[in-house]
Amino acid sequence: EFNRIDLDVLSVAAQQVACVLTAQRERRSEFVFVDGQSCSLRAGCAYFITMNPGYAGRQELPQNLKSLFRGVCMMVPDFGLIMRVKLASCGYYENQVIAKKFDILYNLCKQQLSKQTHYDYGLRNILSVLRTAGTVKRQALDAPELLLMMRTLRDMNLSKLIAEDVPLFLS
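Quick notes on the rules
- Residues numbered from 1 in each chain as written.
- Predicted model: local features only at pLDDT ≥ 70, side-chain atom pairs only at ≥ 80, totals over all residues.
- Heavy atoms only, no water.
- Helix = DSSP H or I, 4+ residues; strand = E, 2+ residues; numbered from the N terminus.
- Rg over C-alpha atoms; globule rule 2.2 N^0.38 Å.
- Buried < 20%, exposed > 50% of the residue type's maximum accessible area, 1.4 Å probe, protein only.
- Contact = heavy atoms within 4.5 Å.
- Areas by Shrake-Rupley, 256 points an atom, 1.4 Å probe, with all protein chains shown as cover.
- Core = buried A, V, L, I, M, F, W, Y, C linked by side-chain atoms within 4.5 Å.
- Phe/Tyr/Trp six-rings, centres within 6.5 Å; stacked < 30°, edge-to-face > 60°.
- Axes fitted to C-alpha atoms, helices over the stretch in contact; angles between N-to-C directions.
- Parallel < 35°, antiparallel > 145°, perpendicular 65-115°, else oblique.
- Left-handed = near helix turned anticlockwise from the far one by under 90°.
- Nonpolar A, V, L, I, M, F, W, Y, C, P; charged D, E, K, R; others polar.

**Q** Mind laying out the overall build of the protein, listing which residues take part and the relevant values?
**A** Along its length, the protein carries 7 helices and 2 strands. Relative to the 2.2 N^0.38 estimate, which gives 16 Å for 171 residues, the radius of gyration of the protein is 23 Å and therefore markedly larger than a compact globule would have. Over its C-alpha atoms, taken along the principal directions, the protein stretches across nearly 65 × 35 × 25 Å. Expressed as a percentage of its 171 residues, the buried residues of the protein come to 27%. Look at the contacts in the protein between residues 6 or more apart in sequence, and 57% of them connect residues 24 or more apart. By element, 56% of the accessible surface of the protein is carried by carbon and sulfur atoms, the whole surface being about 11600 Å².

Take a look at the structure:
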């Protein structure tokens with residue numbers, strides 16, 4: 001994610017990318033890089049960067065770097081479907097019901113809990129919870145699946161919550 005990199009490093013990256021793009025436009029097979037080193041260039045080489053704008057701890061790209069790339073918009077993934085498939089792949093037979101409850105819980109957390117910078121109910125956190133839920137399921141194959149998932153969600157989220165949010169989360 002380019003927008004996690006410090007601005008001074010991004011400035012250097014912009015110079016390097018511009019150097020390569022100039023060589024590509026001129027259809028060169030070899031060019032001199034910004035540090036003076038001679039490099040060969042494949043005609044089909046390309047740059048792809050990812051960004052997560054608006055996310056905590058991220059910054060905007062400088063204009064000189066932004067102008068070197070074409071933006072592509074992404075859709076928000078269907079978290080409920082991802083939850084259901086991952087639960088099924090971990091052996092949860094009640095994956096549809098559990099995924100729906102998990103999705104509702106995280107949506108309620110986003111809406112009703114206080115806004116804290118360390119709260120994360122995105123895909124990274126969801127996948128982490130699902131990995132742990134799979135491990136828990138493998139350790140207790142005969143235990144009620146809903147109970148296993150509720151424990152996993154409680155254990156993985158409770159320690160991150162501020163005191164005022166704990167009662168609402170547990171309710």
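**Q** Describe in detail the environment of Leu-68, supporting the description with residues and values.
**A** With respect to the element layout, Leu-68 can be found in the loop between helix 2 (63–66) and helix 3 (79–89). Sequence-wise, Leu-68 and Gly-134 are 66 residues apart; in three dimensions their C-alpha atoms are separated by 42 Å. If near-sequence neighbours (up to four positions away) are discounted, Leu-68 is found in contact with Ala-14, Val-17, Ala-18 and Leu-21.

**Q** Mind laying out the nonpolar core, listing which residues take part and the relevant values?
**A** One finds Phe-102 and Met-149 to be the most contacted residues of the largest nonpolar core, which totals 22 residues. Elements represented by at least two residues in this core include exactly helix 3, helix 4 (95–112), helix 5 (123–139) and helix 6 (145–157). Of all the elements, helix 4 adds the most residues to this core, at 5 residues. When neighbours within four sequence positions are excluded, Met-149 is seen to be in contact with Leu-87, Ile-98, Phe-102, Val-129, Leu-130 and Ala-133.

**Q** Describe the packing of aromatic side chains, and please don't skip the residues or the numbers.
**A** Across all of its chains, the model carries 5 aromatic pairs by this definition. Between Phe-31 and Phe-33, the ring centres sit 6.1 Å apart and the planes meet at 70°, which makes this aromatic pair edge-to-face. There is no split in this pair, since Phe-31 and Phe-33 are both buried. Geometrically, the ring pair formed by Tyr-47 and Phe-69 is edge-to-face, given 6.4 Å between the ring centres and 90° between the ring planes. Note that Tyr-47 is positioned in the loop between strand 2 (38–40) and helix 2 and Phe-69 in the loop between helix 2 and helix 3, a separation of 22 residues in sequence. Since its relative accessible area comes to 33%, Tyr-47 is described here as partly exposed. Among the residues examined, Phe-69 registers a relative accessible area of 22% and is labelled partly exposed. Put simply, the rings of Phe-102, Tyr-106, Tyr-119 and Tyr-121 touch in pairs and so form one group of aromatic residues.

**Q** Explain the packing of helix 3 against helix 4 to me, and be specific about the residues and the numbers.
**A** When two helices pack together, their arrangement is given by the angle between their axes and by how far apart the axes lie. Where helix 3 contacts helix 4, the two axes come as close as 8 Å, and the packing angle between them is 140°. It follows from the interaxial angle that helix 3 and helix 4 lie oblique. At the point where helix 3 passes helix 4, the crossing takes the right-handed sense. Contacts from Phe-79, Gly-80, Met-83, Arg-84, Leu-87 and Ala-88 of helix 3 reach helix 4 at Asn-95, Gln-96, Ile-98, Ala-99, Phe-102, Asp-103 and Lys-110. Looking at side-chain class alone, the contact of helix 3 with helix 4 contains 7 nonpolar, 3 polar and 3 charged residues.

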